[in-house]
Amino acid sequence: MRERRAEFGLTQAQAAARIGICRDALARWEVRPIVPDVHSMPAVIAFLGYNPLPTARTFPELLQRTRRTLGFDQASLADVLSVPFNTLHAWERGVFAPGAERMAQVEARIAALG
């Protein structure tokens, strides 16, 4: 965050205003490796110009990364993917996984989200 802010020549207060957070939150992010809250992530991604979240290697990680990237809570992502909330919650936790056909459908919907 600090490097990108410096590229733009912005103060912490100015950068925080662009992202839609308070200056203190940005200051914390600059000194500690803290993952921003889910609702701030779309603005953080836009500010940075890239997605800082690690690439998903598993289906639960794909769901979590997609949800955070879009700034969604689990209920919102469940609605977008047309799956019950409890099912999405269990998939994210790795309690169980969908069958191959259902997984392909969900992955296609995620890909369509951009």
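I will try to describe carefully the structure that is included in this document. Numbers given for residues are sequential positions, taken from 1 along each chain in its written order. In keeping with the predicted nature of the model, local features appear solely for residues at pLDDT of at least 70, side-chain atom pairs appear and are counted solely at 80 or more, and the whole-chain, interface and lining totals rest on all residues. Excluding hydrogens and water, the side-chain figures rest on all heavy atoms present in the structure.

## Brief notes about the packing of helix α5 (residues 59–70) against helix α7 (residues 85–93)
Inter-axis angles, ranging from 0 to 180 degrees, are taken between N-to-C directions of lines fitted to C-alpha atoms, where helices are fitted over the stretch in contact. Counting from the N terminus, the helices are DSSP H or I runs at least four residues long and the strands are E runs at least two residues long. In contact at an axis separation of 7 Å, α5 and α7 are set at 115° when each is read in the N-to-C sense. Two secondary-structure elements touch here, α5 through F59, P60, L63, Q64 and R67 and α7 through L88, W91 and E92. Three categories are distinguished: nonpolar for Ala, Val, Leu, Ile, Met, Phe, Trp, Tyr, Cys and Pro, charged for Asp, Glu, Lys and Arg, and polar for the others, with Gly belonging to the last. When the residues that make up the contact of α5 with α7 are grouped by side-chain class, the tally is five nonpolar, one polar and two charged. Any two residues whose heavy atoms approach within 4.5 Å at even a single point are treated as in contact.

## Some points on the nonpolar core
Each nonpolar core is a collection of buried residues, namely Ala, Val, Leu, Ile, Met, Phe, Trp, Tyr and Cys, held together in the definition by side-chain atoms within 4.5 Å. The cut-offs for exposure are 20% and 50% of the maximum accessible area for each residue type, with area from a 1.4 Å probe on protein chains only; residues under the lower value are buried, those over the upper are exposed, and the others partly exposed. If you look at the biggest cluster of nonpolar residues, it comprises 11 residues: L10, A15, A16, I19, I21, A25, L26, W29, V44, F47 and L48. Among all residues touching L48, those that are not within four sequence positions of it are M1 and R4. Formed by 10 residues, the second largest nonpolar core is a distinct cluster that contains F59, L77, A78 and L81.

## Here's the deal with the packing of aromatic side chains
Only Phe, Tyr and Trp rings take part, Trp by its six-membered ring, and two of them pair if their centres are within 6.5 Å. Stacked means planes under 30 degrees apart, edge-to-face means over 60, and tilted covers everything else. Throughout the structure, instances matching the rule amount to two aromatic pairs. With a centroid separation of 5.6 Å and an interplanar angle of 65°, the aromatic rings of F59 and W91 are classed as edge-to-face. Of this pair, F59 sits in helix α5 while W91 sits in helix α7, and the two are 32 residues apart along the sequence. Considered together, F59 and W91 belong to a single accessibility category, that of buried residues.

## Here's the deal with the environment of L62
By secondary structure assignment, the location of L62 is in helix α5. Once the C-alpha coordinates of L62 and A111 are considered, the two residues, 49 residues apart in sequence, prove to be 10 Å apart.

## Quick notes on helix α2 (residues 12–19)
Listed in full, the buried residues belonging to α2 are A15, A16 and I19. Down the axis of α2, the buried set is contained in an arc of 100°. They therefore lie on one face. Opposite its buried face, α2 presents the exposed residues A17 and R18, each directed more than 90 degrees away. Contact partners of the buried residues in α2: α1 (2–8), α3 (23–31) and α4 (41–48). Positive backbone phi, at 90°, marks G20, one or two positions downstream of α2. The arc in question is formed by the directions pointing from the helix axis toward the C-beta atoms.

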